[in-house]
Amino acid sequence: MGAFVLLTILTAFRVLSRNRLRAGLTMLGIVIGVGAVIAMVSIGEGAKAAVQAQVASIGTNVIIILPGATTVGGVRGGQGGAVTLTTADAFDLKKKIPLLSETAWSKRDVMQIVAGNKNWNVPVNGISPGYLTIRDWSYASGGPITQVDMDAGSRVALLGQTVVENLFEPGEEPVGSTIRIKNVPFTVIGVLAPKGQSAQGSDQDDIVFIPFSTAERKVLGTQFLGSVAALFASTDHPGDLPAAVEAIREVLRGRHRLQPDQQDDFTIRTQVDIGKVQEGTSQTLTLMMFAVASISLLVGGIGIMNILLVSVTERTREIGIRIAVGAKRRHILTQFLIEAMTLSLVGGLLGIVLGVLGAQATTVIAGWPTIISGESIMAAFLFSLAVGLFFGLYPANKAARLNPIEALRYE
Amino acid sequence: MGMLIVCQDLWKIYRLGDVEVQALRGVSLEIARGELVAIMGASGSGKSTFMNIIGCLDSPTRGSYWLDGLEVARASQDELAEVRNRKIGFVFQNFNLIPRTSALENAQLPLFYRGLSLREQRARAAAALARVGLAGREHHYPAQLSGGQQQRVAIARALVSEPAILLADEPTGNLDTESSRDIMEILDRLNREDGITIILVTHEAAIAAYASRQLLVKDGQIVSDRATPVPAGSR
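All values derive from a computational prediction rather than experimental measurement.

Participant: I'd love a proper account of the overall build of chain A, names of residues and values included.
Facilitator: Looking only at helices and strands, chain A features 13 helices and 12 strands. Its C-alpha atoms give chain A a radius of gyration of 33 Å, clearly above 22 Å, the size a compact globule of 411 residues would have. Along the first, second and third principal axes, the C-alpha atoms of chain A reach 105 × 60 × 40 Å. Here chain A, with 411 residues, has 40% of them falling under the buried criterion. Contacts in chain A between residues at least 24 apart in sequence constitute 81% of all its contacts with a sequence separation of at least 6.

Participant: Any chance you could break down the overall build of chain B for me, citing the residues and the numbers?
Facilitator: Helix and strand counts for chain B come out as seven helices and 10 strands. Whereas a compact globule of 235 residues would reach a radius of gyration of roughly 18 Å, chain B reaches 18 Å, a difference of no more than 12%. The dimensions of chain B, computed from C-alpha atoms along their principal axes, are 50 × 40 × 40 Å. Here chain B holds 235 residues, and 47% of them are scored as buried. By sequence separation, contacts in chain B at least 24 residues apart represent 67% of the contacts at least 6 residues apart.

Participant: Explain the interface of chain A and chain B to me, using residue names and the numbers behind them.
Facilitator: Taken together, the 19 residues of chain A in the interface contact 23 residues of chain B. Breaking the side of chain A that touches chain B down by element, the ones donating at least two residues are helix 1 (2-18), helix 10 (316-324), helix 11 (329-366) and helix 13 (404-409) of chain A. The element that contributes the greatest number of residues to the side of chain A that touches chain B is helix 10 of chain A, accounting for five residues. Tallied by class, the residues present in the side of chain A that touches chain B amount to 11 nonpolar, two polar and six charged.

Participant: Let's hear about the packing of helix 5 (residues 147-159) of chain B against helix 6 (residues 177-194) of chain B: which residues, and what values?
Facilitator: All names here are of chain B. At their nearest, the axes of helix 5 and helix 6 sit 9 Å apart, and the two run at 20 degrees to each other. By the criterion of interaxial angle, the relationship of helix 5 to helix 6 is roughly parallel. Where helix 5 crosses over helix 6, the two elements pack in a sense that is right-handed. Residue-level contacts link Gly147, Gly148, Gln151, Arg152 and Ile155 of helix 5 to Ser179, Asp182, Ile183 and Ile186 of helix 6. Of the residues contributing to the contact of helix 5 with helix 6, the split by class is three nonpolar, four polar and two charged.

Participant: Mind laying out the domain arrangement of chain A, listing which residues take part and the relevant values?
Facilitator: Parsing chain A into structural domains produces domain 1 (2-54 + 276-409) and domain 2 (83-264). One C-alpha centre belongs to domain 1 of chain A, the other to domain 2 of chain A, and the line joining them spans 56 Å.

Participant: An account of the sheet that holds strand 7 (residues 165-169) of chain B is needed here, citing residue identities and associated values.
Facilitator: All names here are of chain B. Judged by pairing direction, the sheet is mixed, and its six strands sit side by side in the order 6-7-8-3-9-10 without closing on themselves. Strands at the two margins of the open sheet, each flanked by one partner only, are strand 6 (88-91) and strand 10 (221-227). Here the strands of the sheet are splayed against their neighbours by 20 degrees on average, with no regard to which way each runs. Relative to the sheet, helix 5 contacts strand 6 and strand 7, its axis offset from that of strand 6 by approximately 170 degrees.

Participant: Tell me what's going on with the pairing of strand 3 (residues 36-40) of chain B, and back it up with residues and numbers.
Facilitator: For a regular strand, side-chain orientation follows a simple rule: the groups alternate between the two sheet faces. Residue and element names in this part refer to chain B. The buried count for strand 3 comes to five of five residues, which makes it a mostly enclosed element. Burial of strand 3 is two-sided: the residues Leu36, Ala38 and Met40 facing one way and the residues Val37 and Ile39 facing the other way are all buried. Relative to strand 8 (residues 197-201), strand 3 is paired through four bridges, and the arrangement is parallel. Opposite Val37, over in strand 8, you have Ile199 as the bridge partner.

Participant: How would you sum up helix 3 (residues 87-96) of chain A? Please name residues and give values.
Facilitator: Residue and element names in this part refer to chain A. Listed in full, the buried residues belonging to helix 3 are Asp89, Ala90 and Leu93. Axial view of helix 3: buried residues confined to an arc of 100 degrees, hence all on one face. Residues of helix 3 that are exposed and point more than 90 degrees away from the buried face comprise Ala88 and Lys95. Contact partners of the buried residues in helix 3: strand 4 (100-115), strand 11 (230-235) and helix 8 (241-255).

Participant: Can you explain unusual backbone geometry? Please cite residues and give values.
Facilitator: All names here are of chain B. Its identity as a non-glycine residue notwithstanding, Asp68 has a phi of 55 degrees, on the positive side. One can find Asp68 in the loop between strand 4 (62-67) and strand 5 (70-71). By C-beta crowding, Asp68 is classed as partly exposed, having 19 other C-beta atoms within 10 Å. The phi angle at Glu170 is positive, at roughly 50 degrees, despite the residue not being glycine. Within the fold, Glu170 resides in the loop between strand 7 and helix 6. Note on Glu170: 18 C-beta atoms within 10 Å, which makes it partly exposed.

Participant: Please give an account of helix 7 (residues 212-219) of chain A that cites residues and values.
Facilitator: Residue and element names in this part refer to chain A. By the burial criterion, the buried members of helix 7 are Phe212, Thr214 and Ala215. Relative to the axis of helix 7, the buried residues are bounded by an arc of 160 degrees and lie together on one face. Residues of helix 7 that are buried make contact with strand 4, strand 5 (118-127), helix 5 (147-152) and strand 10 (208-211). Downstream of helix 7 by a residue or two, Gly221 has a phi angle that is positive, lying close to 75 degrees.

Participant: Describe in detail the sheet that holds strand 1 (residues 3-16) of chain B, supporting the description with residues and values.
Facilitator: All names here are of chain B. Taken together, four strands build an open sheet; the order of strands is 2-1-4-5 and the sheet is antiparallel. Only two strands of the sheet have a single neighbouring strand rather than two, namely strand 2 (19-32) and strand 5. Pairing of strand 1 with strand 4, which is carried by five bridges, proceeds in the antiparallel orientation. When the sheet's bridge partners are listed, Trp11 is paired in strand 4 with Arg62.

Participant: I'd like a rundown of the confidence of the model for chain B, residues and numbers included.
Facilitator: Overall, the prediction assigns chain B a mean pLDDT of 92, with 97% of residues at 70 or greater. The ipTM, which scores confidence in the relative placement of chains, is 0.94 for this predicted complex, and the corresponding pTM is 0.73.

Rules used throughout
Residues numbered from 1 in each chain as written. Chains lettered and ligands numbered in written order. Predicted model: local features only at pLDDT ≥ 70, side-chain atom pairs only at ≥ 80, totals over all residues. Helix = DSSP H or I, 4+ residues; strand = E, 2+ residues; numbered from the N terminus. Rg over C-alpha atoms; globule rule 2.2 N^0.38 Å. Buried ≥ 20, exposed ≤ 12 C-beta atoms within 10 Å, placed from the backbone. Contact = placed C-beta atoms within 7 Å. Nonpolar A, V, L, I, M, F, W, Y, C, P; charged D, E, K, R; others polar. Axes fitted to C-alpha atoms, helices over the stretch in contact; angles between N-to-C directions. Parallel < 35°, antiparallel > 145°, perpendicular 65-115°, else oblique. Left-handed = near helix turned anticlockwise from the far one by under 90°. Domains from an automatic or database assignment. Pairing = 2+ DSSP bridges. Arc of directions from axis to C-beta. pLDDT = per-residue confidence, 0-100.

Given below as structure tokens:
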């Protein structure tokens, strides 16, 4: 059987190379289909990975609580339109909900900061020390804002990469230098490692952190002491997030004395919610493109079936000869199946090359991230094999069922 | 010497819609090993049907057929393929070589389906080509060979499996006189020197004259079966 299969494969290549144009055109459908699948999947995977990285850059198991719309006398303030959250809420959440591993708060405003003879407008965030842990910030140099800084109301600042680039010369070390925020001098105690774009597309590195207490008293001011722009909390495990969200809602509604018929005066979001929207979009896109590619493969398969039917008719007499000298049904069946699979496999391999090149071109030209996975190449390979097998079966079966007497007489 | 072919009361009936066509009507025949038999008859006489059954390409409707001690009248398609592969060599009027495939590969074909190693297939096919005088032309394609040479490739293909019987259906029908004589001399030599049993279908008396026995088929029956006193090949 080994020699038989080997010779049959050689014969298949010879038959196909005899009619190169025809074989090439027949393969084209498979080439395009497989190429499209490979390119689409790698673009989809690249987009997914980018979204995941963005979502991960928010922090680990993060819950964000924003002041919500309040309705006062029929006038509805938008999201964040009222100051309803306080540091006292944060302390209470931490005390009442054991699921929360950390809580923090912040407030922010865009301010001009000055270093030497340069200035830059940047969102200045007053934060409690826990914030840096929850958001998973790490440091390029220097260290964090601590509880000591917080208690003392120290004039210390952490700078994001974008801020450093705009206020300092390349190579200049910002840690230890002094910057001015609203004319108040601050010592730079650390530079943050870059995080890149957020899921919403804003530059997360264009940022300055100072202790919340310092911000409240000396820089940002406040409507009333302890009011915050946002609360943050985190859990140890992602699975705890839904329970934590419910617990937070209950505690905050109690603290804010909301009646059962009143809406929440805050909004709770988790990282999962933010990720879902983005992933949903990219999944829809991937699915759509996958459908298009599948149709292309289907059309390619039909093309193979068509050309094999022509081939069976053209070679009726050859089939008759083979049967006369002792070929069994399975021999003829195998021969034509191997021809079909050779067509679809060569097409599939060309398609893989095309798809990889296409994905790389997409990265170079459009700047989209792409990931070419071994699984998608393997799947495309097996799929093209299956297409050959499936669409070759009918013509091969037709050949194997030929009546040798009539086939030998065929002109 | 035992009988190589024993046919008893072979019937072949085709049904074309409501019409019943009796292509063979009770043919009984015995052929011994080493005979060279010519079958003659007009077209439509049933001789082709008879040859197809003898060649295991078709099965009789009724009757029995023993080939080399094996009852093949009721054999399955795959069993018949096996019998054709091992016991029967075909030579056709129009050569029936596979185009764009070398003489060697054409001659190899029966061994290909026997699952022999490639080396053995090639060696035996080359030997068979040498037997019909085509040594050195192994890698020629059919289109590069004359009609007589093509028919010799076909004879090599029939010989390669060392069959019990060689069936030649109008083997010289597409050849000129000289090539015809070449082919008949090869067949005659194979019969005389190697003792290969040959059944020959022809309508030419000159070709039939090579046979030691002549059968005449008419209306699906053998109407005449006579030994030729002095076979032409022994001149």
